[in-house]
Amino acid sequence: MGLAAPPASSAKFFVGGNWKCNGTHASVEKLVADLNAGEVPSDIDIVVAPPFIYIDWVRANIKSAYEVAAQNCWTKPDGAFTGEISAEMIKDAMVPWVITGHSERRLLLGESNRTVGLKTGHALEVGLSVIACIGETLEQRNSGHLYDTIDIQLQALFENVQDWGRVVLAYEPVWAIGTGVVASPAQAQEVHAYVRKVLTDRLGKSRAESIRIIYGGSVTDANCGELATQEDIDGFLVGGASLKAPSFINICNARGAAAAAAN
Ligand SMILES: O=C(CO)COP(=O)(O)O
């Protein structure tokens, strides 16, 4: 019995691998070699985000099926900001993508919605494409604040983003990140549909339909198939499973595999 047929979404499927603060020279070389040896679809976008220190090496050595992202950037071009990396530097390093607003930066490093909005707007102005992350904590969800949390996070983006054509929105419920507790396909779809509606109300239907809304939080090659068939899930942002090339490659093939299983 096959899975339900994937929706005819106009948006190109997108899979991101967020390596977070993991790796050594040796493990990064092995991961890149294994990714390079794998077969991934050519009709989707695949982006890996190594730690800054390895980013230049990865960009130079990974095959062209994979693009590269930074995991963070600063709000200003340069100056006395010890430890920060600017969007200009990321562009100068020929890295086309950056992740903004990851919950680990929001919660562990105190990044506010305003800061995330400013970073996102600045990175876009510099010419980067952005994977902007949103998502609620378990406490916010359980206390009835899921949708106002999402609204506030999106509002900070609306205030700073002029060109949504280079934004991928990642819905990452905090309770699902690194916990092994993946959102059910219905739970994820419900929030993605809500985000799509907010985008439609603000930007119009055709623009809203072209923006990828991807899901992140304990995605594995075992659970990605059904998630990939949900109408408003346009891809994934993968943490732990992106460090294992076979799993990540399977996730990159999720939508195609689901389509094949449905036929
Ligand atoms: O935070 C994530 C991706 O940005 C998700 O992490 P995990 O896949 O390890 O839960």
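Everything numeric in this text was worked out from a predicted model, so none of it was measured. (Residues numbered from 1 in each chain as written. Predicted model: local features only at pLDDT ≥ 70, side-chain atom pairs only at ≥ 80, totals over all residues. Heavy atoms only, no water.)

Colleague: Help me understand the side chain of Ser129 in this model?
Modeller: Relative to the helices and strands, Ser129 is located in strand β5 (residues 129-134). When its relative accessible area of 13% is taken as the criterion, Ser129 is described as buried. Other than its neighbours up to four places away in sequence, Ser129 contacts Pro96, Trp97, Val98 and Arg166. (Helix = DSSP H or I, 4+ residues; strand = E, 2+ residues; numbered from the N terminus. Buried < 20%, exposed > 50% of the residue type's maximum accessible area, 1.4 Å probe, protein only. Contact = heavy atoms within 4.5 Å.)

Colleague: Would you mind going over the packing of helix α1 (residues 25-37) against helix α2 (residues 52-61) with me for this structure?
Modeller: At a minimum axis distance of 11 Å, the contact between α1 and α2 shows a crossing angle of 25°. Considering their axes alone, α1 and α2 lie roughly parallel with respect to each other. Handedness of the α1/α2 crossing: right-handed. Along its contact with α1, which presents His25, Val28, Glu29, Val32 and Asn36, the element α2 presents Tyr54, Trp57, Val58 and Asn61. Taken together, the residues that form the contact of α1 with α2 break down as 5 nonpolar, 3 polar and 1 charged. (Axes fitted to C-alpha atoms, helices over the stretch in contact; angles between N-to-C directions. Parallel < 35°, antiparallel > 145°, perpendicular 65-115°, else oblique. Left-handed = near helix turned anticlockwise from the far one by under 90°. Nonpolar A, V, L, I, M, F, W, Y, C, P; charged D, E, K, R; others polar.)

Colleague: Looking at this structure, how should I read the nonpolar core?
Modeller: One broad rule of soluble globular proteins: the nonpolar side chains tend to lie buried together. The biggest cluster of nonpolar side chains holds 66 residues, and the ones touching the most others in it are Leu35, Tyr215 and Phe236. Those residues in contact with Phe236 that sit more than four places away from it in its chain are Phe13, Phe14, Val15, Gly16, Ile214, Tyr215, Val219, Cys224, Leu227, Ala228, Ile251 and Ala254. Ranked by size, the runner-up nonpolar core spans 12 residues in total, among them Ala49, Cys133, Ala170 and Ile214. (Core = buried A, V, L, I, M, F, W, Y, C linked by side-chain atoms within 4.5 Å.)

Colleague: Looking at this structure, how should I read the pairing of strand β8 (residues 235-238)?
Modeller: Along a regular strand, successive side chains alternate from one face of the sheet to the other. Here β8 shows a buried face lined by Gly235 and Leu237 and a second buried face lined by Phe236 and Val238. Bridge count for strand β1 (residues 14-18) against β8 is 4 bridges, and the pairing is parallel. Residue Gly17 lies in a different strand from β8, and its bridge partner there is Val238. Here 2 bridges tie strand β7 (residues 213-216) to β8, and the two strands are oriented parallel to one another. By the bridge assignment for β8, Tyr215 is matched with Phe236. (Pairing = 2+ DSSP bridges.)

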